[in-house]
Amino acid sequence: MSNTTKLAVTNRSGKGKGAARRARREGNVPAVLYGHGTDPVHLLLPAREFAAVLRANGTNAVIDLDIEGTSQLALTKQVDVHPIRSYIEHVDLLVIKRGEKVTVEVNVVVEGDAASGTLVVQDASVIEVEADALSIPEHIVVSVEGVEAGTAIHAGSVTLPEGVTLTSDPELLVVAVNEAPQGSDEGDADEAAADEAAE
């Protein structure tokens, strides 16, 4: 579940690409805070500390922003990462209030071993849920332990934590357990490799 992390941030005066580049050179990430009918606030987040918050809390991190002495709870809504250099380019933050429900995408983690001779295909990596802003699950587990071939697990049948409700289409296919294609058994592959090595 999300823990709030305090993060001291500053107001950003410069706009445009030049100012954003300069901010990143100085170890900051340009961000916009919006929501609840307020005017968007342009901020600078300390890049290293913000990256640590994401590592600890996942992409739905709830942050207690200290904006030059003013406290504001915010949810990380979108993180833009440079496709090649993989540094954080820009962040969208959503104003939230304690006790408020928010709609977020949560990662799906598949656990367990399906019945032998099956192939597990994860069709959806995230499902959308509504949860208390301070109790967003880090991930949702779907167990395929002992599941037979021909089984489809839809979003509507996924077990959600208490207080979390599904907002994705209940018919969304999350995991399909299919029959493994013939000849793809690991044992056969190992034998073939052993034969090749013997030759």
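Before any of the text, the structure's been laid out above.
All of these numbers come straight from a predicted model, not from anything done at the bench.

**Q** Just checking my understanding: could you explain the environment of Thr-5 for this structure?
**A** With respect to the helices, strands and loops of the structure, Thr-5 is situated in strand 1 (residues 5–11). Classification of Thr-5 by relative accessible area gives partly exposed; the value is 24%. Residues Thr-5 and Asn-57, 52 residues apart in the sequence, show an inter-C-alpha distance of 9.0 Å. Sequence-distant contacts of Thr-5, defined by excluding residues within four places in its chain, comprise Val-53, Asn-57, Val-62, Ile-63 and Asp-64.

**Q** Looking at this structure, how should I read the pairing of strand 7 (residues 101–111)?
**A** Remark: a regular strand shows side chains that alternate across the two faces of the sheet. Taken together, the 7 bridges between strand 7 and strand 9 (residues 126–132) define a ladder with antiparallel strand orientation. Paired with Glu-105 across the two strands is Glu-128, which belongs to strand 9. Examined bridge by bridge, strand 7 and strand 10 (residues 139–143) share 5 bridges and lie parallel to one another. Bridge assignment links Asn-107 to a residue of strand 10, and that residue is His-139.

**Q** Where do I start with the layout of surface pockets in this structure?
**A** A probe as big as a water molecule, rolled over the atoms, marks out the empty space that is left. Quantified by volume, the largest pocket comes out at close to 240 Å³. Of all the secondary-structure elements, those providing two or more residues to the lining of the largest pocket are strand 5 (70–81) and strand 7. The dominant element in the lining of the largest pocket, judged by the number of residues it contributes, is strand 5, at 5 residues.

**Q** Is there a simple way to think about a positive patch on the surface in this case?
**A** Residues Lys-17, Arg-21, Arg-22 and Arg-25 make up a contiguous surface patch of positive charge. Residue placement: Arg-22 occurs in helix 1 (residues 16–25).

Rules used throughout
- Residues numbered from 1 in each chain as written.
- Predicted model: local features only at pLDDT ≥ 70, side-chain atom pairs only at ≥ 80, totals over all residues.
- Heavy atoms only, no water.
- Helix = DSSP H or I, 4+ residues; strand = E, 2+ residues; numbered from the N terminus.
- Buried < 20%, exposed > 50% of the residue type's maximum accessible area, 1.4 Å probe, protein only.
- Contact = heavy atoms within 4.5 Å.
- Pairing = 2+ DSSP bridges.
- 1 Å grid on protein atoms, 1.4 Å probe; cavity = no way out; pocket = protein on both sides within 12 Å on 5 of 7 lines; lining within 4 Å.
- Points joined across faces, edges and corners; volume = space filled by probe spheres on them.
- Patch = residues over 30% accessible without salt bridge, like charges linked within 9 Å, V, L, I, M, F, W, Y side chains within 5 Å.
- Areas by Shrake-Rupley, 256 points an atom, 1.4 Å probe, with all protein chains shown as cover.
- Salt bridge = Lys/Arg side-chain N within 4 Å of Asp/Glu carboxyl O.
- Lys, Arg positive; Asp, Glu negative; His and termini not counted.
- Charge placed at Lys NZ, Arg CZ, Asp CG, Glu CD.

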